[in-house]
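The chain contents come next:
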Amino acid sequence: MNSDNYRIFDNITVNKQFIPYMNILKEDYKYKEIEFNKHNIYNINMNCYDLLPGITLISIKTKIDVYIDKTEIFTYDNPDDILIINYISHGQHQLKVDDYKYILLNKDNLNIYIKSLNEGEYTFYGETCFYELIVDKKVISENFNRYSEEFIPLQEYYFDLVKNERNIIINMNDELRNLINKGEEYKAHKNNTKEILFQLKIFELLLYIYDQPFENQIDKKTVYSDAQIRVVRKIKNHLSRDIASYVSLEVLSVSYGINLTTLKKCFKDMYGKPLYTWYTDYKFQRAKELIKNTNYPIQKIANMIGYKSSSKFAKAFKKKIGVLPSNYRKNNKKNN
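Residues numbered from 1 in each chain as written. Predicted model: local features only at pLDDT ≥ 70, side-chain atom pairs only at ≥ 80, totals over all residues. Heavy atoms only, no water.

**Thoughts on helix α5 (residues 226-241)**
Its 16 residues place the ends of α5 23 Å apart at the C-alpha level, agreeing with the 22 Å of an ideal helix rising 1.5 Å per residue. Those residues of α5 hidden inside the fold are in contact with β9 (92-98), β10 (101-106), β15 (223-225), α6 (249-256), α7 (260-271) and α8 (275-293). (Helix = DSSP H or I, 4+ residues; strand = E, 2+ residues; numbered from the N terminus. Expected span 1.5 Å × (residues − 1). Contact = heavy atoms within 4.5 Å.)

Quick look at the structure:
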């Protein structure tokens, strides 16, 4: 891209730092598919739907290999009037709430905020997938004839709700999760029906959230420092490289200079599982890959993930995976 300024739609502009790495894959006046690709740093794919004046839906998939501090891709013409509803379907984000302070959002968290009251940006790492519903009160008011009389007080309710909180974070229930995920099915529809289906689903979503008892669902997230998050990420990378050893959490916390309780809680908030649960799952995932893709003896694979005894490994593997290692190899060789 040669332009210094690129608008997704009338009220949303791409941050200049991302424009050199932007590739427009598809484009018409109501839909854009955009890729941001910086080699060995990040790959971000977006499907942007201009559903109605003032209502934009963006489906975002990211793969970010290097930690980067600023990943705010869009700027808005009137941030005071921008309400964003963000739903994470896969992965984890950290959201800046103060200088070097973050809250961690995981799969099935729904975050509602007004842009001007939340200047902090999302920071992504690894593979993530999420949806952003962007509601622009100013544009909606300028096009009020496109909306029913009931919608205007509905949007005002959301703005009033969020004004007292920088972020409202809700843990998803099955009904709300299914309602959001249902939107993905509309990709199979013809273009002339997909837009209407998206519009109906968005109104259904807004009405559903409106009817929920927020006081029973709002999640008060722990705030972590940037240093704590970076240390926990280092510990995870350390464990990923060293799966043959038994690792004491106490030793890790001392070695990396982080409080043990903070380590346990921050790790779970970042990766959705207690540290030892994640570590065990990771070991057996590696074991499955080695059994399937190599001809290493089972004893060697057992040693590689920290088991001295192949019989104990086989017993643990069957409990975890459901079959013995030898049968897993046999079944997967057949499938290949």
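Moving on from the model shown.
**Focus on the packing of aromatic side chains**
Counted according to the given criterion, the structure contains 18 aromatic pairs. Plain terms: the ring middles of Tyr31 and Tyr49 are 5.1 Å apart, the flat faces sit at 45 degrees to each other, and that makes the pair tilted. With a gap of 18 residues between them, Tyr31 in strand β4 (residues 31-38) and Tyr49 in strand β5 (residues 42-52) connect regions that are remote in the sequence. Comparing Tyr31 with Tyr49, the two get one shared label, buried. Between Phe267 and Tyr271 the ring centres are 4.9 Å apart and the planes differ by 50 degrees, which places this aromatic pair in the tilted class. (Phe/Tyr/Trp six-rings, centres within 6.5 Å; stacked < 30°, edge-to-face > 60°. Buried < 20%, exposed > 50% of the residue type's maximum accessible area, 1.4 Å probe, protein only.)

**Focus: the pairing of strand β3 (residues 22-27)**
The pairing of β3 with β4 spans five bridges and is antiparallel. Directly across from Met22, in β4, lies its bridge partner Phe36. (Pairing = 2+ DSSP bridges.)

**Focus on the packing of α6 against α7**
Running from N to C, α6 and α7 point in directions that differ by 100 degrees, and their axes come no closer than 9 Å. The angle between the axes of α6 and α7 places the two elements in the roughly perpendicular class. In this structure, α6 contributes Leu249, Glu250 and Ser253 to the contact, and α7 contributes Leu260, Leu263 and Lys264. Its residues assigned to classes, the contact of α6 with α7 comprises three nonpolar, one polar and two charged. (Axes fitted to C-alpha atoms, helices over the stretch in contact; angles between N-to-C directions. Parallel < 35°, antiparallel > 145°, perpendicular 65-115°, else oblique. Nonpolar A, V, L, I, M, F, W, Y, C, P; charged D, E, K, R; others polar.)

**Focus on the packing of α5 against α7**
Packing of α5 against α7 leaves a shortest axis separation of 10 Å and a crossing angle of 80 degrees. The angle between α5 and α7 falls in the class roughly perpendicular. Where α5 approaches α7, its residues Gln228, Ile229, Val232, Arg233, Ile235 and Lys236 are matched on the opposing element by Thr262, Leu263, Cys266, Phe267, Met270 and Tyr271. Taken together, the residues of the contact of α5 with α7 break down into eight nonpolar, two polar and two charged.

**Regarding the confidence of the model for the chain**
Averaged over every residue, the pLDDT of the chain is 83; residues scoring 70 or more account for 85%. Strand β12 (residues 122-124) is the least confidently modelled element of the chain, averaging 62 in pLDDT, while helix α9 (residues 298-304) averages 95, the highest of any element. (pLDDT = per-residue confidence, 0-100.)

**Regarding the sheet that holds strand β2 (residues 12-14)**
In spatial order, the strands read β1-β2-β7; together these three strands make up an open sheet with antiparallel pairing. A single partner strand is all that each edge strand has here, and the edge strands are β1 (7-9) and β7 (74-76). Direction aside, neighbouring strands of the sheet carry axes that sit 35 degrees apart on average. One ladder, built from three bridges, connects β2 with β7; its direction is antiparallel.

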